[in-house]
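Architecture and fold: a report
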There are 2 protein chains.
Amino acid sequence: MQSEDRDAVDLDETDLAILERVERDSDVNLEELSDTLDLSRSAIHYRLKKLKNSGVITSTSADVDPLALGLSLLIITEVSVAHESGYAEDIGEALAGIDGVYQVYYTLGDTDFIVHSRVQNRAQMNELIDKIVGIDGVNETSSTFVMQEIKTGDRTVANMSETMIDDVLDDS
Amino acid sequence: MQSEDRDAVDLDETDLAILERVERDSDVNLEELSDTLDLSRSAIHYRLKKLKNSGVITSTSADVDPLALGLSLLIITEVSVAHESGYAEDIGEALAGIDGVYQVYYTLGDTDFIVHSRVQNRAQMNELIDKIVGIDGVNETSSTFVMQEIKTGDRTVANMSETMIDDVLDDS
DNA sequence: AATGAAATCGACCAGCA
DNA sequence: TGCTGGTCGATTTCATT
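Given the structure is predicted, the values throughout are model-derived calculations rather than measurements. (Residues numbered from 1 in each chain as written. Chains lettered and ligands numbered in written order. Predicted model: local features only at pLDDT ≥ 70, side-chain atom pairs only at ≥ 80, totals over all residues. Heavy atoms only, no water.)

Time to look at the UniProt feature "domain: HTH asnC-type" (unreviewed entry) in chain A. In the numbering adopted here, UniProt assigns the feature "domain: HTH asnC-type" (unreviewed entry) to residues 11-72 of chain A. End-to-end, the C-alpha atoms of residues 11-72 of chain A are 39 Å apart, and along that stretch the chain is 50% helix and 13% strand. (UniProt positions renumbered as here; feature names shortened; annotations may be inferred. Helix = DSSP H or I, 4+ residues; strand = E, 2+ residues; numbered from the N terminus.)

If you want it as structure tokens, here you go:
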């Protein structure tokens with residue numbers, strides 16, 4: 001009754017140690033992991049495979065620097081829709097489909113969607129905002145310009161507190 | 001004069017095709033890439049190495065599902081600071097250091113920082129917000145709750161338009 | 001679930017266009 | 001400089017405990 005096993009595959013300290021390491025660098029030498037965790041290479045591989053199959057590791061991706069591709073402008077846009085009823089899903093999908101948009105959240109509060117986009121110049125920025133405003137049902141938008149990305153890169157385990165870690169481990 | 005070569009390593013269509021593929025799955029078989037791009041395994045490897053060394057590929061990471069670790073609550077917080085002068089950098093670092101926080105942006109506009117955090121329950125959420133408010137110099141905060149993550153996962157190339165791609169290619 | 005041996009895949013070296 | 005082919009080493013897989 002106190003276990004909320006949604007996707008909760010029960011993990012131990014070893015699993016978390018592996019996760020923390022591979023989310024930092026998935027090309028890690030199995031020998032290094034085997035070394036620090038006192039486990040055979042095959043055991044590490046076995047656990048990694050299980051973590052992937054169970055969906056704990058959703059994918060393993062190469063992170064491409066946006067600046068290297070000229071995407072130097074990051075814009076965060078708050079989007080409000082006219083009618084709260086029904087269309088929300090469709091509008092979310094429409095926002096997600098716009099070129100340059102790479103994060104879309106449906107939020108509870110004064111604004112309905114929060115959208116993160118990257119573009120190369122002002123012209124593309126204007127075009128992007130026009131596309132957002134042009135979506136049927138979108139009422140009002142407010143865009144802010146990001147001066148500096150202080151923390152980025154979606155690490156999950158690395159940002160967890162001791163309390164959060166314990167919560168995962170106490171799921172036996 | 002029209003080339004703004006900041007980090008701009010000039011890339012061709014083949015490089016972009018490789019990037020688009022490895023940012024989706026970095027464990028791609030070299031044979032598959034070699035097959036679809038009509039290039040030898042070694043050539044693909046050569047280009048990948050170059051892309052990593054030049055910083056276009058910053059890292060290669062395993063993506064861990066936050067839900068699998070019980071992090072079901074995503075909160076987006078707008079933070080305003082008291083004095084615009086000086087302390088901004090320090091406050092940004094302080095925000096980035098809080099457990100649960102995984103994205104921090106310094107923005108231009110009515111609000112100074114935008115912070116994304118993940119927690120497991122209300123208690124952790126309250127604790128997190130208390131820590132943010134407790135930072136010296138933080139004036140006002142406004143948190144909104146994310147109901148649904150419609151688009152996520154920091155793909156760079158996948159979200160680019162044809163125009164953006166062309167801009168990268170016309171950098172010879 | 002973890003171990004060790006066999007097949008497979010990726011990393012490096014030298015030569016070539 | 002960028003690509004080819006072959007080789008060595010590491011990794012993935014399988015059968016066994």
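Turning to the packing of aromatic side chains, a few remarks are in order. Scanning the entire structure with this criterion turns up 2 aromatic pairs over all chains. Pairing Tyr106 of chain A with Phe113 of chain A gives two aromatic rings, centres 5.1 Å apart and planes at 40°, and the pair type is tilted. (Phe/Tyr/Trp six-rings, centres within 6.5 Å; stacked < 30°, edge-to-face > 60°.)

Looking at where Arg118 of chain A falls in the secondary structure, it is placed in strand β4 (residues 113-119). Residues contacting Arg118 of chain A, with those up to four places away along its chain left out, are Pro66, Leu71, Leu73, Leu74, Gly100, Tyr102 and Glu149 of chain A together with Met164 of chain B. (Contact = heavy atoms within 4.5 Å.)

For the rest of this paragraph, the subject is unusual backbone geometry. Residue Asp38 of chain A is not a glycine yet carries a positive backbone phi of 50°. On the secondary structure map, Asp38 of chain A appears in the loop between α2 (30-37) and α3 (41-53).

Regular strands show a simple pattern: their side chains alternate between the two faces of the sheet. Of all 8 residues in strand β3 (residues 101-108) of chain A, 6 are buried, a share of seventy percent or more. Linking β3 of chain A back to β4 of chain A in an antiparallel pair, the connection comprises 4 residues, with Gly109 of chain A at a positive phi of about 145°. (Buried < 20%, exposed > 50% of the residue type's maximum accessible area, 1.4 Å probe, protein only. Pairing = 2+ DSSP bridges.)

Tracing the backbone shows Gly55 of chain B in the loop between α3 (41-53) and β1 (57-64). Distance from Gly55 of chain B to Leu67 of chain B, taken between C-alpha atoms, is 31 Å for residues 12 residues apart in sequence.

Now for helix α5 (residues 122-134) of chain B. All names here are of chain B. The terminal C-alpha atoms of α5 lie 18 Å apart, and with 13 residues this matches the ideal 18 Å at 1.5 Å per residue to within 8%. Within α5, burial applies to Gln124, Met125, Leu128, Ile129 and Ile132. Buried residues along α5 cover an arc of 135° about the axis, so they all sit on one side. Turned more than 90 degrees away from the buried face of α5, the exposed residues are Ala123, Asp130 and Gly134. (Expected span 1.5 Å × (residues − 1). Arc of directions from axis to C-beta.)

This part covers the side chain of Thr60 of chain B. The topology assignment puts Thr60 of chain B in strand β1. Look past the residues within four positions of Thr60 of chain B in its chain and what remains in contact with it is Arg24, Asp25, Ser26, Asp27, Ser61, Ala62 and Asp63 of chain A together with Ser26 of chain B.

With that out of the way, let us pick up the pattern of salt bridges. Following the criterion strictly, the structure yields 15 salt bridges over all chains and no others. Across the pair Lys131 of chain A and Glu127 of chain A runs a salt bridge whose closest N-O atoms are separated by 3.9 Å. With Lys131 of chain A and Glu127 of chain A both in helix α5 (residues 122-134) and 4 residues apart, the pair spans about one turn of that helix. Owing to a relative accessible area of 36%, Lys131 of chain A belongs among the partly exposed residues under this scheme. Ionic pairing is found between Glu20 of chain B and Arg24 of chain B, a salt bridge with its closest N-O pair at 3.1 Å. Where salt bridges share partners, they join Asp12, Asp15 and Arg47 of chain A into one cluster. (Salt bridge = Lys/Arg side-chain N within 4 Å of Asp/Glu carboxyl O.)

Once that is clear, we can look at the protein's contact with DNA strand C. Residues in close proximity to DNA strand C include Ser40, Ser42, Ala43, Tyr46, Arg47 and Lys50 of chain A together with Val28, Asn29, Leu30, Ser42 and His45 of chain B, which together make up its full environment. Backbone atoms, meaning sugar and phosphate, form 72% of the atoms of DNA strand C found within 4 Å of the protein. Between a phosphate oxygen of DNA strand C and a side-chain N or O atom of Arg47 of chain A, the distance comes to 3.3 Å. Between DNA strand C and the protein, one listed contact pairs a phosphate oxygen with a backbone N or O atom of Val28 of chain B at 3.3 Å. The set of elements that each furnish at least two residues to the surface near DNA strand C consists of α3 of chain A together with α3 of chain B. (Near = heavy atom within 4 Å. Polar contact = N/O pair within 3.5 Å; in protein donor to acceptor, adjacent residues only side chain to side chain.)

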